[in-house]
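Letter by letter, the chains look like this.
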Amino acid sequence: MTTTKTILRSDELSCPTCVDNIESNLNNTEGVSAAKVHFNTGRIEVEHDPETVSDEKLVKVIAQSGYEARVSQF
Amino acid sequence: MLLRNATTRKKELLIVSGLLITTGWVVDFFWTSAWSFNALMLLATLTAGFEIARRAWQGLRNRHTNIELLVTIAATGGLAIGVYWEAAAVTFLFLLGGWLEARTMSKTRDTLRELINMAPDTAIIVEDGDRTEIPARQVKEGMQVLVKPGSKIPVDGIVESGATSIDESAITGEPIPAEKQTGSEVYAGTINKNGRIYVRATKSGADTTLAKIIRRVEEAQEEKAPTQRFIERFASWYTPGIVGLSIASYLFTWNLELALTLLVIGCPGALVISTPISVITGIGNAAKKGILIKGGEYLENAGKVTAIALDKTGTLTAGKPSVTEIIHFSKATALAGVDPEEEFQKVHTVSLSDQNTKSLPSEGEELLYWAAVAESVSEHPLAEAILTEEQSSRIPEPDQFESHTGQGIEAVLGDDHIFVGKTEFLKQKGISISEGINKEIQNLTKKGRTVVLVAHNNKLLGAIGIADQMRPDALKMISRLRENGIERIAMLTGDAQPTAEAIAEKAGITEVHAGILPEDKNDIILEMQQQGHQVAMIGDGINDAPALASADIGIAMGAAGTDVAIETADIALMSDELMNIPEALRLSSKTMSNIRQNVVIALVTVAALLTGVFTGSIHMAGGMLVHELSVMAVILNGMRLRWI
């Protein structure tokens, strides 16, 4: 399994408790090996296997947690 | 899913629930129908509560209890005991607060977004005369990139042809455009104002200086300040504590409404957000001015600085030596029948600051020419100053060249034999140095110049005064620092005493430590700290690394283009703008007091809410309102830092 790191950004994080929510939703997704949500900047780092989980799927998982996010180049 | 987009869904639910609540009050006012009032409030609670309960459920599925769960329990309990209006107000206010917070928080993240958007997505590359547009990230090192006037530069690189002026404010914060020509370095994200240039790419995508700045700023914003860590520890037991209190008070008083009201104020929202909001905004605002602060902790330290140690070379001065005077002998009048020996003793000093090279007498030109020939193969920093001054393009390289480190150099070109170096060196070589010129040399040395003598075919031609000149803003900066309450300002330099003192006097610095080694710089900083000072060390980021590290705050100047400085300095100033030093300290202390205000707002709110709840003057709706207001107050107060 080859993992890549994808950076997503969300402008919607408003209470630090949502960090745990998004992180565990991502971590429970198959193909995601690590997820870190930075509350202060709204940056979401995901290490995942692009074969199993696409970038679009990541966006969808975050949307299911209730937040809008998009993929960023750095 | 009802509505796919989370934000839109939240907004629509808010509008619907808000309308239901208003209708309920209108109906109650005109018809006083308790039944329809309660029915409308129930609907409003369910509408807004749907979103909250969904999040609570999501949290539970991931084995997390969250604030949404507490609010859901409170609202459900409220419905159960029949306080419909309270339940509706709690859910509506919670959703509204969350929506407003998200909107304002995204505003505070704007500064960074502006920086990210500075980098264009595509680049025009030129290969064998063909132009193709490719994603900027995919530009490889060595590719030639065309940048048209008015467009942004997509990569870091070196100008290969063309000349232009470039707005580098994204990197340096400097509003005045910089002139660029062949050989100049350019950065991704800067704006090409008026000329067409071809750039040889050196870095692209995540490796560019801009990307590094963005990463740096983000890491800084994410790093928790000590205050934030303390608050988060407090917050982590606050919520369970409130829940426990709620259960305990129910068991003691059997007052369900009191217990539910406690749950409503169980979110430490204003507390947890108080520090991060100020840190994000303060660091973001500083970044926009070309000041990179490494994180909240450094912000706190920088706000408390009472003493400053400054490096001289490259900080107070430009770091590039230039020729300031030329001492030469006059021989023109010697031809007019006066005793040549005597006239030869006549010494002239030409100051280059008020006279340019063009009007330099031929004797001076000759001296500069021979010095340049000898220095043309030398790598000594002073050589560069001499070669810059001697603008003739045909400087032949010497046939033989020997460098005596710290003394001088000798060079042979055909029949010409040249010595350039210190007085002692030329004496050793058997050159006689007259009293007249010796006096002039000593004068210049006292003024802080480095003086090199030039001899051609065993005859002294004269001398060249070289100095690293002070930056124009140095005096203004030092006095601003003193105004801002810095008690002790010391200059540390490896340079000789006279040179150091000349600069210190001009800059208004009284404490000078000259001729010291890098370890000594360290000792001086430790001594300042032992006296109880909070010390900031300011240097160019490379030579001063140990001193920068042992100071409470290490500030590196001119960091654009030097990765080491961006990575290691506590505060990196992207440009050479000296006034950014007091500005960085000012922003830090402003941010610090903003944090303190926010913590006070948050703590006072918590205390007031608890008192209000137990004295019975605050119920569910009021509790939620005060709570949300305090969160907004903290966010808006933090946002003030954008404009200071």
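Everything discussed here concerns the structure shown above.
Bear in mind the structure is a predicted one, so any value in this text is a computation, not a measurement. (Residues numbered from 1 in each chain as written. Chains lettered and ligands numbered in written order. Predicted model: local features only at pLDDT ≥ 70, side-chain atom pairs only at ≥ 80, totals over all residues.)

Caption draft 1: Summary view of the overall build of chain B. Across its full length, chain B holds 24 helices and 23 strands. What you see for chain B is a C-alpha radius of gyration of 35 Å, clearly larger than the 26 Å of a compact globule of 644 residues, by over 25%. Summarising its shape, the C-alpha atoms of chain B cover approximately 125 × 65 × 40 Å along the three principal directions. Burial statistics for chain B: of 644 residues in total, 46% are counted as buried. (Helix = DSSP H or I, 4+ residues; strand = E, 2+ residues; numbered from the N terminus. Rg over C-alpha atoms; globule rule 2.2 N^0.38 Å. Buried ≥ 20, exposed ≤ 12 C-beta atoms within 10 Å, placed from the backbone.)

Caption draft 2: Representation of helix 17 (residues 435–446) of chain B. Residue and element names in this part refer to chain B. Taking 1.5 Å per residue, twelve residues should reach 16 Å; helix 17 reaches 17 Å between its end C-alpha atoms and fits that length. Inspection of helix 17 places Ile 437, Ile 441 and Leu 444 among the buried residues, and these make up the whole buried set. One side of helix 17 holds all its buried residues, which, seen down the axis, span an arc of 60°. Facing away from the buried side of helix 17 by over 90 degrees, the exposed positions are Glu 435, Lys 439 and Lys 446. (Expected span 1.5 Å × (residues − 1). Arc of directions from axis to C-beta.)

Caption draft 3: Layout of the packing of helix 7 (residues 209–222) of chain B against helix 10 (residues 269–288) of chain B. All names here are of chain B. Where helix 7 meets helix 10, the closest approach of the two axes is 9 Å, and the angle between their N-to-C directions is 155°. As the angle between them shows, helix 7 and helix 10 are arranged roughly antiparallel. Here helix 7 runs over helix 10; the crossing is right-handed. Counted together, Ile 213, Val 217, Ala 220 and Gln 221 of helix 7 and Val 279, Ile 280, Ile 283, Gly 284 and Ala 287 of helix 10 form the full contact between these two elements. (Axes fitted to C-alpha atoms, helices over the stretch in contact; angles between N-to-C directions. Parallel < 35°, antiparallel > 145°, perpendicular 65-115°, else oblique. Left-handed = near helix turned anticlockwise from the far one by under 90°. Contact = placed C-beta atoms within 7 Å.)

Caption draft 4: Geometry of the sheet that holds strand 1 (residues 4–9) of chain A. All names here are of chain A. The four strands lie next to each other as 2-3-1-4, forming an open sheet whose pairing is antiparallel. The open sheet has two free edges, formed respectively by strand 2 (32–38) and strand 4 (70–72), since each of these has just one partner strand. In this sheet, neighbouring strand axes are inclined to one another by 30° on average, regardless of whether the strands run parallel or antiparallel. Direction of pairing for strand 1 relative to strand 4: antiparallel, over a ladder of three bridges. (Pairing = 2+ DSSP bridges.)

Caption draft 5: Representation of unusual backbone geometry. Residue and element names in this part refer to chain B. In this structure, Asn 457 is a non-glycine residue whose phi angle is positive, near 45°. Structurally, Asn 457 can be placed in the loop between strand 17 (450–456) and strand 18 (459–470). You can call Asn 457 exposed: it has 11 C-beta atoms within 10 Å. Although it is not a glycine, Asn 458 sits at a positive phi angle of roughly 65°. For Asn 458, the position within the fold is in the loop between strand 17 and strand 18. With 12 C-beta atoms counted inside 10 Å, the residue Asn 458 sits in the exposed group.

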